[in-house]
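Examination of the molecular architecture
Chain residues, written in single-letter form:
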Amino acid sequence: MSEENIEAVDTSCFASCGVAEIDDIKLKNCTDCGLVKYCSGACQSQREHWPQHEEACSKRAAELRDELLFKQSESTHVGDCPICCLPMQLDRSKSIINQCCSKVICEGCHHANMLREIEQKLAFKCSFCRTLMPSSKEECNRNMMKRIETNDPFAMCAEGLEQHRKGDYSSAFRYFTKAAELGDVDAHGQLAGLYHYGQGVEKDKEKKMYHLEEAAIGGHLDARFNLGCEGWNNDNNESAVKHWIIAANLGHDESIKALMSAFKEGKVCKEYLAAALRAHQAAVDATKSPQREAADEYNRK
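It should be emphasised that the depicted structure is a prediction, and the values quoted were computed from it without experimental measurement.

What follows concerns the overall build of the protein. Across its full length, the protein carries 13 helices and four strands. Of the contacts made within the protein by residues no fewer than 6 positions apart, 49% connect residues no fewer than 24 positions apart. Total accessible area on the protein is roughly 17900 Å²; 50% of this is exposed by carbon and sulfur atoms.

Turning to the side chain of histidine 252, a few remarks are in order. Its place among the elements puts histidine 252 in the loop between α10 (237–248) and α11 (253–264). Here histidine 252 falls in the buried class, since its relative accessible area comes to 6%. Only 2.9 Å separates the side chain of histidine 252 from the side chain of aspartate 222, close enough to count as a polar contact. Other than its neighbours up to four places away in sequence, histidine 252 contacts Leu90, Leu221, Asp222, Phe225, Ala247 and His280.

Counted at 1.5 Å a residue, the expected span for helix α4 (residues 137–149) with its 13 residues is 18 Å, and the 19 Å between its end C-alpha atoms agrees. When we look at burial in α4, the residues that qualify are Cys140, Asn143, Met144 and Ile148. End-on view of α4: buried residues confined to an arc of 140°, all on one side of the axis. Along α4, the residues that are exposed and aim more than 90 degrees away from the buried face are Lys146 and Glu149. Buried residues along α4 sit against α5 (153–166) and α6 (169–181). Asparagine 151 sits one or two positions beyond α4 and adopts a positive phi of about 65°.

In this section: the pairing of strand β4 (residues 103–106). One ladder, built from four bridges, connects strand β3 (residues 95–98) with β4; its direction is antiparallel. Residue asparagine 98 lies in a different strand from β4, and its bridge partner there is lysine 103. The loop that links β3 with its antiparallel partner β4 comprises four residues; one of these, serine 102, has a positive phi angle of about 60°.

This next bit is on the side chain of glutamine 163. Counting through the fold element by element, glutamine 163 comes out in helix α5. For glutamine 163, a relative accessible area of 12% corresponds to the buried category. Aside from chain neighbours lying at most four places away, what touches glutamine 163 is Asp168, Ser171, Ala172 and Tyr175.

So, about the packing of α5 against α6. Contact geometry for α5 and α6: axes closest at 8 Å, N-to-C directions at 165°. Accordingly, the angle class assigned to the pair α5 and α6 is roughly antiparallel. Like other packed secondary-structure pairs, α5 and α6 cross with a definite hand, here left-handed. Contact with α5, carried on its side by Pro153, Met156, Cys157, Glu159, Gly160, Leu161, Gln163 and His164, involves Tyr169, Ser171, Ala172, Tyr175, Phe176, Lys178 and Ala179 of α6 and no other residues of that element.

Take the packing of α5 against helix α7 (residues 185–197) next. Orientation of α5 relative to α7, taken along the N-to-C sense of each, is 30°, at an axis distance of 10 Å. In terms of orientation, α5 and α7 fall into the roughly parallel class. The way α5 lies across α7 gives a crossing that is left-handed. Residues Cys157, Leu161 and His164 of α5 pack against Asp186, Ala187, Gln190 and Leu194 of α7.

Confidence in the prediction of the protein, expressed as mean pLDDT, is 88, and 86% of residues score 70 or more. Overall, residues 1–11 carries pLDDT values under 50, and its contacts beyond four positions in sequence, including any with other chains, amount to two contacts.

Glancing now at unusual backbone geometry. Backbone geometry at lysine 121 places phi at a positive 55°, although glycine is not the residue there. Structurally, lysine 121 can be placed in the loop between α3 (107–119) and α4. For asparagine 151, which is not glycine, the phi torsion reads 65° and is therefore positive. Mapped onto the elements of the fold, asparagine 151 is located in the loop between α4 and α5.

Tallying each qualifying case throughout the model produces three aromatic pairs. When the centroid spacing of 6.4 Å and the interplanar angle of 35° are considered together, the rings of phenylalanine 225 and tryptophan 244 count as tilted. Residue phenylalanine 225 is located in helix α9 (residues 221–233), and its partner tryptophan 244 is located in helix α10; the two are separated by 19 residues in the primary sequence. A ring pair is formed by tryptophan 232 and tryptophan 244, whose centres lie 5.5 Å apart and whose planes are at 40°; its orientation type is tilted. Of this pair, tryptophan 232 sits in helix α9 while tryptophan 244 sits in helix α10, and the two are 12 residues apart along the sequence. Here tryptophan 232 and tryptophan 244 have matching classes, each one buried.

Conventions we followed
Residues numbered from 1 in each chain as written. Predicted model: local features only at pLDDT ≥ 70, side-chain atom pairs only at ≥ 80, totals over all residues. Heavy atoms only, no water. Helix = DSSP H or I, 4+ residues; strand = E, 2+ residues; numbered from the N terminus. Contact = heavy atoms within 4.5 Å. Areas by Shrake-Rupley, 256 points an atom, 1.4 Å probe, with all protein chains shown as cover. Buried < 20%, exposed > 50% of the residue type's maximum accessible area, 1.4 Å probe, protein only. Polar contact = N/O pair within 3.5 Å; in protein donor to acceptor, adjacent residues only side chain to side chain. Expected span 1.5 Å × (residues − 1). Arc of directions from axis to C-beta. Pairing = 2+ DSSP bridges. Axes fitted to C-alpha atoms, helices over the stretch in contact; angles between N-to-C directions. Parallel < 35°, antiparallel > 145°, perpendicular 65-115°, else oblique. Left-handed = near helix turned anticlockwise from the far one by under 90°. pLDDT = per-residue confidence, 0-100. Phe/Tyr/Trp six-rings, centres within 6.5 Å; stacked < 30°, edge-to-face > 60°.

Okay, structure coming up:
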């Protein structure tokens, strides 16, 4: 048998018991590190082999987590406007949320649609799904509950924010938890805040950091900035700078300010700061459009 064939067989065999991945036998990678394979979760050899594998598994799992955590996000968690397809602005006041479809629309598209309806004397409708706009707060609430009943994670997170505003932290925690389980990035950021302040749940730094990291991985720039602050406050300047650069590259103002402060202290080189400034400006410019500028001018009147 050739060396190539030997290597192929070795990688398909279980680390301890030697079961080969042939015919109807499908091996499973270790879910934490992927370094070894097991024939099944109930395999006796897996339990016997674990003491030998535990240290390497933990080390590799931490490496994979860091690779994921410090990977430059391509976009923020708010994504693009579903109408004009331009990146959404980070300022939440410059976007519109419609309860009928749970879509977040940029202010420019909303304003352009509103002007068209006024000029043509049309009924006001959602810019995205074209549903008639609700005529009362009660109708808005009914629409929101309908979205929650369909397991819409965005609607659940929005309701969690509303409960938090009212001071019902236990309900807010339940909504945020469900939304996070369904993949809502902002819900992870909100849960981090609840665990930090002990609102509706016991204070728990480990869970707070987990949710901050999950939010950051999903493109939540405030969570990424806060992770940088955590690193900086714990004398982990290298980690802090990495987080701030990732956030600054996507247009986060506070992260640019933090990098400038770190530069003054000699913790960031001139080249890294210059690159972050260029990327930050490019990200901000990408969110601009004539429609959004018109909406800003209209709101200033």
